[in-house]
2 protein chains.
Amino acid sequence: MSDRTPGQNAELALLLEVTGTPKPGNVDRERDFSDLRFEHFMAGAVGARPGLELAADERVGHAFERSVAGMADQSAGNTQFGALLLLAPLVAAASDGDMTPSGADRVARRTTVADAADFYRAFEHVDVAVGDPPEGMEPLDVHRGSEAIPTLEARDLTLFDIMARSADADGIAAEWTGKFQRTFAAAEAILDDDGSVPDRASRAFVELLAEERDTFVVTRNGPDAAAEVQRRAQAVLDGEEDATELAEELVARDINPGTTADLVAGALFVALERGLVV
Amino acid sequence: MSDRTPGQNAELALLLEVTGTPKPGNVDRERDFSDLRFEHFMAGAVGARPGLELAADERVGHAFERSVAGMADQSAGNTQFGALLLLAPLVAAASDGDMTPSGADRVARRTTVADAADFYRAFEHVDVAVGDPPEGMEPLDVHRGSEAIPTLEARDLTLFDIMARSADADGIAAEWTGKFQRTFAAAEAILDDDGSVPDRASRAFVELLAEERDTFVVTRNGPDAAAEVQRRAQAVLDGEEDATELAEELVARDINPGTTADLVAGALFVALERGLVV
């Protein structure tokens, strides 16, 4: 086993995620968006690591907020917000010595109102593409940042509660409230796979994309685009479409299945903690 | 300015170096060797960082040895030995608040016999391609690792002394004993350049390659190959050769100007410390 700490493995997972290619619609080793490039993800990963390491000892919300602040220390804005939201509880579980779905679930369920406040503060570091809140939820719109904190406190809402309210609309929140099921399943697929780690990450990405609609695509491009992406990822698995051509097309159309990339980063972290050799 | 620590900037410099493409003969964003791939450099950079951070407070030799131990925590062996030997004193100088040639020179000249012993210990972590020692220097052959330490102590040789004995044959040792002149000059070229940071790194690489023979190529492939690489890098600068074609050819011929890549990593570090924005 490697001597890397959970914080180092989390950083390495972010770097390996962006290296895997093709990952249709995402920045990868072979593709950039014009204003969001490979090197921004590297600087984001390096900047995020000190925050991620806090998850070993401190509140997971605080670790997340600090990791986002560090990630944002590059010129392209949001690179890995969702991945960090997924990694923070996973790093905490690994540091507890319990890198299992129940270990991660325990971390998620023990979050407090203070963690929820940290989560809202994190939105002040970077512009994150999220949908408008449902009717009646305006006081808890994440765009309000720390202004939402009095409402959180008045309603006694923990970070787990906030995730539960977003689980239908956000694939990362669904992991938080669903024992990180897809993350751990993808980690096992990566461990069982052959070949280089970036190649495994690419295959895991396409499999996750075919499995469920990417919620980031739903938010930015609409449900029809998300359904199309899911269908075409399945076509890649069925040998009916070429992954690289799909990658070129989605980048050209500015369709970016970022939540699925975040899941791959989380899965790579779990796999590294379970002995994946780079 | 970024909030990254010198240790973080050193890690980021390693990541940006391997991303710059084309860098003829080296692993880069678009090229791998069969057993030495992009992801090994990422794991090497992540593993090296805790050691690099020690250079802020501890002996530079110890920081180097620890960074090499961390770098070696991946399956491909030596990825960034020379770059770490260059970065360790630069991180120390940055941590001293003196990111200048004279600041780095001061760090180099204050090394002790204990730093030299650390340097020899570092060769026990990883297999480094170095030439045989000159006649009479066999007791100080780096392949002896820590067995050479009694000789170092008997002869009262500091790490700076060891670098001075290797400066003719090794481009990194020449930096240590020459006020890191090429590193700082390349950093200024990167800062004065336009475009993305990896593109600047690629151009700095070709310029350094045309300027002097790469000592790693001399060691592994011989002086004629090194002279050819230098001449053809100049042809790229003169518009007579294509950098990408040269990159493909050198990788196919297993000619790897690794010392020049190490210089680019050092230059990127200095540039980041001086305000280069990613």
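## Section: the overall build of chain A
- Along its length, chain A carries 15 helices and zero strands.
- Its C-alpha atoms give chain A a radius of gyration of 17 Å, within 12% of the compact-globule value 19 Å for 278 residues.
- Overall size of chain A, expressed as C-alpha extent along the three principal axes, is 55 × 45 × 35 Å.
- For chain A, buried positions account for 59% of its 278 residues.

## Comments concerning helix α3 (residues 60-71) of chain A
Residues and elements named next belong to chain A.
- In a regular helix each residue adds 1.5 Å, so twelve residues correspond to 16 Å; α3 covers 16 Å between its end C-alpha atoms and thus fits that length.
- Of all the positions in α3, only Val60, Gly61, His62, Ala63, Phe64, Glu65, Arg66, Ser67, Val68, Gly70 and Met71 are classed as buried.
- Residues of α3 that are buried sit in contact with α2 (38-54), α4 (81-95), α5 (101-109), α6 (113-122) and α8 (159-166).

## With respect to the interface of chain B and chain A
- On the side of chain A, 26 residues touch chain B, which itself brings 26 residues to the contact.
- Within the residue set of the side of chain B that touches chain A, elements represented by two or more residues are α1 (6-19), α2 (38-54) and α11 (197-211) of chain B.
- In terms of residue class, the side of chain B that touches chain A is made up of eleven nonpolar, eight polar and seven charged.

## A short note on the confidence of the model for chain A
- In the predicted model, chain A carries a mean pLDDT of 96, and 100% of its residues have values of at least 70.
- The ipTM for the predicted assembly is 0.95, set against a pTM of 0.97.

## Quick word on the relation of the copies chain B and chain A
- With an RMSD of 0.0 Å, chain B superimposes on chain A once it is rotated by 180° and translated 0.0 Å along the axis. Here the two chains are linked by the operation of a two-fold rotation axis. Judged by C-alpha distance, Arg29 of chain B is the residue of chain B that lies nearest the rotation axis, at 3.2 Å.
- Take the interface residues of chain B: 100% of them recur as interface residues in chain A, which is what a same-surface contact looks like.

## Describing the packing of α1 of chain B against α2 of chain B
Residues and elements named next belong to chain B.
- One can describe the packing of α1 onto α2 by two numbers: an axis separation of 8 Å at closest approach and a directional angle of 165°. When the axes of α1 and α2 are compared, the pair comes out roughly antiparallel. With respect to the hand of their crossing, α1 and α2 are arranged in right-handed fashion. Contact with α1, carried on its side by Gly7, Ala10, Glu11, Leu14, Leu15 and Val18, involves Phe38, Phe41, Met42, Ala45, Ala48, Arg49, Leu52 and Glu53 of α2 and no other residues of that element.
- Classifying every residue of the contact of α1 with α2 by side-chain character gives ten nonpolar, one polar and three charged.

## Details of helix α13 (residues 223-237) of chain B
All names here are of chain B.
- Across its 15 residues, α13 extends 21 Å between first and last C-alpha, which sits within 8% of the 21 Å expected from 1.5 Å per residue.
- Listed as buried for α13 are Ala226, Val229, Arg232, Ala233 and Val236. Viewed along the axis of α13, the buried residues span an arc of 130°, placing them on a single side of the element. Exposed residues on α13 whose side chains face more than 90 degrees from its buried face are Pro223, Asp224 and Arg231.
- Along its buried surface, α13 packs onto α11, α12 (215-221) and α14 (243-252).
- Residue Gly239 follows α13 closely and has a positive phi angle near 80°.

## Description of unusual backbone geometry
Residue and element names in this part refer to chain A.
- For the bond from Thr21 to Pro22, the omega torsion is -5°, close enough to zero to count as cis.
- Considering the arrangement of structural elements, one finds Pro22 in the loop between α1 (6-19) and α2.
- For Phe180, which is not a glycine, the phi torsion comes out positive at approximately 55°.
- Its location among the elements puts Phe180 in the loop between α9 (171-177) and α10 (181-192).
- Note on Phe180: 30 C-beta atoms within 10 Å, which makes it buried.

## Regarding the packing of helix α4 (residues 81-95) of chain B against helix α15 (residues 258-273) of chain B
Residue and element names in this part refer to chain B.
- The contact between α4 and α15 brings their axes to 8 Å, and the two run at 20°. Between α4 and α15, the angle falls in the class roughly parallel. Regarding α4 and α15, the two cross each other, and that crossing is right-handed. Contacts from Gly82, Ala83, Leu86, Leu87, Leu90 and Ala94 in α4 reach Gly258, Thr259, Asp262, Ala265, Gly266, Phe269, Val270 and Glu273 in α15.
- For the contact of α4 with α15, the class distribution of residues is eight nonpolar, four polar and two charged.

## With respect to the environment of Pro150 of chain A
Residues and elements named next belong to chain A.
- The topology assignment puts Pro150 in helix α7 (residues 149-155).
- You can call Pro150 exposed: it has 11 C-beta atoms within 10 Å.
- Separated by 121 residues in the primary sequence, Pro150 and Ala271 place their C-alpha atoms 39 Å from one another.

## Looking at the environment of Ala88 of chain A
All names here are of chain A.
- With respect to the helices and strands, Ala88 occurs in helix α4.
- Spatially, the C-alpha atom of Ala88 lies 5.7 Å from that of Phe64, the residues being 24 residues apart in sequence.
- Among residues more than four places away in sequence, those in contact with Ala88 are Leu52, Ala55, Val60, Ala63, Phe64 and Ser67.

The rules behind each value
Residues numbered from 1 in each chain as written. Chains lettered and ligands numbered in written order. Predicted model: local features only at pLDDT ≥ 70, side-chain atom pairs only at ≥ 80, totals over all residues. Helix = DSSP H or I, 4+ residues; strand = E, 2+ residues; numbered from the N terminus. Rg over C-alpha atoms; globule rule 2.2 N^0.38 Å. Buried ≥ 20, exposed ≤ 12 C-beta atoms within 10 Å, placed from the backbone. Expected span 1.5 Å × (residues − 1). Contact = placed C-beta atoms within 7 Å. Nonpolar A, V, L, I, M, F, W, Y, C, P; charged D, E, K, R; others polar. pLDDT = per-residue confidence, 0-100. Least-squares fit on C-alpha atoms with pLDDT ≥ 70 in both. Axes fitted to C-alpha atoms, helices over the stretch in contact; angles between N-to-C directions. Parallel < 35°, antiparallel > 145°, perpendicular 65-115°, else oblique. Left-handed = near helix turned anticlockwise from the far one by under 90°. Arc of directions from axis to C-beta.

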